[in-house]
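Fold and contact review
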Amino acid sequence: MTTEKPLIIVGNDGSKAAEPALHWALQHARAVGGTVQVVRGWSMRTAPRPETQTFGHIPPIDDFETAVLKDLEHDCAEVVADYADVEVEYLARRGPAANALLDCAAEADLIVVGARGLGGFQGLALGSVSDQVSRHAACPVVIVRNDTSADTERSLPRE
């Protein structure tokens, strides 16, 4: 835990389900005087094509990371614009999303994730990233649901 401004980590995969989590994190940061780090895990399969990539030339890995950061900032711009008073930093970490969030959260006071992201398996109530982060984080985790994730079929029977 930090002793300065509270650090809030929020995951963002570019999905609509990530927007409520980003709003929640920014509102909370505003309320507690904290800063927000928006984190995206990525792989070569999920990274956008860098501007430096041309036929016959594969750019360095840093160019892929730059392209991921550019997409991340673009995906968050509309929401973040409503919170000009909150300090926001963007981070792209190569690797699975849950690992990226957990790696960035070593100094965090709170992690915020959406209940569902871009992954499949419609019947799951919690996405694998939110499940992994909630199981392994050393700090508190907030899982923000949206209309879609709140209406998902339960995995536990009702009594």
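Throughout what follows, the structure given in this document is the object of discussion. This one's a predicted model, so the numbers in the text were calculated from it and none came from an experiment.

For the rest of this paragraph, the subject is the sheet that holds strand 2 (residues 35-42). A sheet is described by the order of its strands in space; here five strands give the open sequence 3-2-1-4-5, paired in parallel fashion. Two strands in the sheet have a free side with no partner beyond their single neighbour: strand 3 (87-94) and strand 5 (141-144). Across the sheet, the mean angle separating the axes of adjacent strands is 25 degrees when strand polarity is ignored. As judged from the four bridges shared by strand 4 (residues 110-114) and strand 5, these two strands associate in the parallel manner. Looking across to strand 5, one finds that Val-113 is bridged to Ile-143.

Let us look at the pattern of salt bridges. What the rule picks out here adds up to five salt bridges. Here Lys-5 and Glu-87 are joined by a salt bridge, their closest N and O atoms 3.6 Å apart. Of the two residues, Lys-5 is situated in the segment before strand 1 (7-11) and Glu-87 in strand 3; the sequence distance between them amounts to 82 residues. In this structure Glu-87 comes out as partly exposed when scored by relative accessible area, which is 49%.

So, about helix 3 (residues 97-104). Listed in full, the buried residues belonging to helix 3 are Ala-98, Ala-100, Leu-101 and Cys-104. Each buried residue of helix 3 lies within a common arc of 160 degrees when the element is viewed along its axis, so the set occupies one face.

In regular strands, side chains alternate between the two faces of the sheet. Strand 4 sits mainly inside the fold: five of its five residues count as buried. Covered by surrounding structure in strand 4 are Leu-110, Val-112 and Gly-114 together with Ile-111 and Val-113, the residues of both alternating faces. Inspection of the sheet shows strand 1 paired to strand 4 by three bridges, in the parallel sense. Directly across from Val-10, in strand 4, lies its bridge partner Val-112.

Here is what the cut-offs are and how they apply
- Residues numbered from 1 in each chain as written.
- Predicted model: local features only at pLDDT ≥ 70, side-chain atom pairs only at ≥ 80, totals over all residues.
- Heavy atoms only, no water.
- Pairing = 2+ DSSP bridges.
- Helix = DSSP H or I, 4+ residues; strand = E, 2+ residues; numbered from the N terminus.
- Axes fitted to C-alpha atoms, helices over the stretch in contact; angles between N-to-C directions.
- Salt bridge = Lys/Arg side-chain N within 4 Å of Asp/Glu carboxyl O.
- Buried < 20%, exposed > 50% of the residue type's maximum accessible area, 1.4 Å probe, protein only.
- Arc of directions from axis to C-beta.

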